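# Coordinates in review
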Amino acid sequence: WRDAMAYNGQVPGPEIRVQLGDRVRVVFTNELPESSAIHFHGLVVPYTEDGVPGLTQPLVLPGESWTYEFEVRNSGSHMYHSHMNGSVQIPMGLLGAFIVEDGTEEVVDQDVTMILNDGPLGYTINGKGFPATQPIVANVGDRVRIRYMNEGLQIHPMHLHGMPQRVVAKDGYPLPIPQYEDTVTVAPGERWDVIVEVTEPGLWAFHCHILTHAEGPNGMFGMVTVVIVNE
C-alpha cells in the first residue's frame, strides 16, 4: 500500500465511457491540500473546458469546486488527468480513462483498458504492480481489445508473449492499415488500441520491455500482468 492522490477514492479514477455526441458534465470538488484542475486529454472541447489553470480557468483551490461541461465531438481512447503540478499529481494517481464509442468499433469479446504509470506508486498497470495486477482471462478463439494509455513520465514498450498484437488505432484515430507487432511502444500521453486474436492456450507473460520496469533479482514485479488462455 502507498499513499496516493485519487479521483473518487480510486486509482485510476472512474472510467468514463460515453457515446459520440453525448453531453458530459463533470463536477470536480478539490479535497486535496493543494490546488488542481482536470484536463480531458485527446478530447476536442471548447478552450474554456480544457482544464489548464492560468490559461483557460482559475486554479481550483482546496475546498473549491469547478464544473466542466461539453459535447463529445471525437471518438476513441482518451484520458483525463490533473493539469496542475502534473509531474507530481498524475504519477500520484490523478488520472483516468475517457472512452468514446461511435458504433464503428470492431466487435470483441473483451475490451480491456490498460493505464500505464510510473513514479511514486511504482511501475503500475491500472494502479497496481505485479503480482497484484489483474490478469486477462480469455478462451481460445476470443478477440480482446487492449487500450493502452500512458499517463507516466517514461516510455513503456508493451510486449505480449505468445501472440501478436494487431494495432488498430493511435490516439483515438483508427489506422488506415492496421499492423501486427509483438511490442507496442507507448510514449507519455499516447494511446494505442490493439486487438489480440487469442489462439494459444496457456499462461502468457505481458509486460513492459524496459526490463528494469518489470524484472529484478527476485523475479517479476511492477509493470507485468498475465494472459490466461483456456482451451
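Details of the structure are given in the entry above.
As a starting point, this report considers the structure included with it. Not measured: the values here are computed from a predicted model. (Residues numbered from 1 in each chain as written. Predicted model: local features only at pLDDT ≥ 70, side-chain atom pairs only at ≥ 80, totals over all residues. Heavy atoms only, no water.)

In the segment running from Val11 into Pro12, the intervening peptide bond is cis, with an omega of -5 degrees. Turning to its location among the elements, Pro12 is positioned in the segment before strand 1 (16–19). Of note, the bond from Phe130 into Pro131 is cis; its omega dihedral lies within 30 degrees of zero at 15 degrees. Within the fold, Pro131 resides in the loop between strand 8 (124–125) and strand 9 (136–139). Despite not being glycine, Asn85 shows a phi value in the positive range, around 50 degrees. Inspection of the secondary structure assignment puts Asn85 in the loop between strand 5 (76–82) and helix 1 (86–89). Residues other than glycine seldom take positive phi values, yet Asp171 does so here, at roughly 55 degrees. By the element assignment, Asp171 lies in the loop between strand 12 (165–170) and strand 13 (173–181). (Helix = DSSP H or I, 4+ residues; strand = E, 2+ residues; numbered from the N terminus.)

This part takes up the sheet that holds strand 14 (residues 183–186). Taken in spatial order, the five strands line up as 9-19-16-11-14 in an open sheet, and their pairing is mixed. Edge positions in the sheet fall to strand 9 and strand 14, since each has one partner strand and no second. Averaged over all pairs of adjacent strands, the angle between their axes in this sheet comes to 20 degrees, without regard to strand direction. Pairing analysis gives six bridges linking strand 16 (residues 202–208) to strand 19 (residues 224–230), with the strands arranged antiparallel. Within strand 19, the position partnered with His207 by the bridge is Val224. (Pairing = 2+ DSSP bridges. Axes fitted to C-alpha atoms, helices over the stretch in contact; angles between N-to-C directions.)

These figures capture arrangement, not role.
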